[in-house]
Amino acid sequence: FEKNTSQATPDGEWSLEVQKPSQTVENYRQAITPSIPNKNTSIITLEMKSPNPSRGKMVMNKLIDTYIREGVKDNNSINDSTLFFINDRLRNVEGELQDVEVAIQNFKQKNDLTNIDDQVKLLLDVYKENSQKSLDAEVQLNVITSLENHLRSGNTHVIPASLLTQDASLSGIINQYNLLVVQKEKLAKSATPENPLVKSLNSQLSSLRNELLGSISTTRRSYATVAGQLRSEANQNLSKIRQMPRQERQFLDISRQQAIKQELYLFL
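Residues numbered from 1 in each chain as written. Predicted model: local features only at pLDDT ≥ 70, side-chain atom pairs only at ≥ 80, totals over all residues. Heavy atoms only, no water.

Brief notes about the environment of Ser217
Tracing the sequence through the fold places Ser217 in helix 6 (residues 196-238). On a C-alpha basis, the gap between Ser217 and Glu148 in space is 7.4 Å, while along the polypeptide they are 69 residues apart. (Helix = DSSP H or I, 4+ residues; strand = E, 2+ residues; numbered from the N terminus.)

Describing the layout of surface pockets
Roughly 710 Å³ of internal volume is contained in the largest pocket. In terms of lining, the largest pocket is formed by Val25, Tyr28, Arg29, Ile32, Ile44, Leu46, Val59, Leu63, Ile64, Thr66, Tyr67 and Glu70. Going through the elements one at a time, helix 1 (21-31) and helix 2 (53-111) are the ones with two or more residues in the lining of the largest pocket. The element best represented in the lining of the largest pocket is helix 2, accounting for six residues. Looking at side-chain class alone, the lining of the largest pocket contains nine nonpolar, one polar and two charged residues. Its boundaries defined by the atoms lining it, the second largest pocket holds a volume of some 270 Å³. Surrounding the second largest pocket, Glu70, Lys73, Asp74, Asn75, Ile78, Leu179, Val182, Gln183, Lys186, Leu187, Lys189 and Ser190 form its lining. Listing elements by their share of the lining of the second largest pocket, those giving two or more residues are helix 2 and helix 5 (168-188). Here the lining of the second largest pocket is built from residues that sort into four nonpolar, three polar and five charged. (1 Å grid on protein atoms, 1.4 Å probe; cavity = no way out; pocket = protein on both sides within 12 Å on 5 of 7 lines; lining within 4 Å. Points joined across faces, edges and corners; volume = space filled by probe spheres on them. Nonpolar A, V, L, I, M, F, W, Y, C, P; charged D, E, K, R; others polar.)

What follows is the structure, given as structure tokens:
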């Protein structure tokens, strides 16, 4: 408390009532009434009954500011987790890409293929074009497998759903899971593990984690099937170049591995 020196304070006894923060929060909670005027929009109406309109306005403005700030924090939490996952995966893929590029360089030097015939280049371009769908499937399979490993590792952080833009249903489940994780992280700041709400969130997270693992496993098998089919088609395309010299066919195989790594690297 600081004395207001700008005006005189009358002598006498003063009565000061101090409430528990939890009781003050409850009083404000009961004073504020939220409503949704139209379910087809994302607008909410907030009303507050207060004997002091000026203070009530300050409270409402602070409530809105805090809501916006917490929303930004939640988004940052999800973005930070996604960025961590991508950076971690990117380092691995970058190393793999460098390895295959070194392998190509060594192969060219060893077999004197520094200048590949125009015919070989043309066949390689056609082969890459026909293999694009296969590459996309390999990328998706790689991402979904990494996400499954990330979840099975027992990591309790949010999951980067934005990497699965082609699977809306799975992204929806991941978003639900992430919301629960964010709620738990907030609650953990002011509650013990024995808190009923914490236990409830842990139970929901455990149930949703199992559902998520099942969905991811199913999706991964589906991607694996598609990737296998596309890989088979790509192998059939290879039959068109069986007449090429053995060294040049080996070079195409290495180049395909390079193309897969490049696609995954660019995707990340």
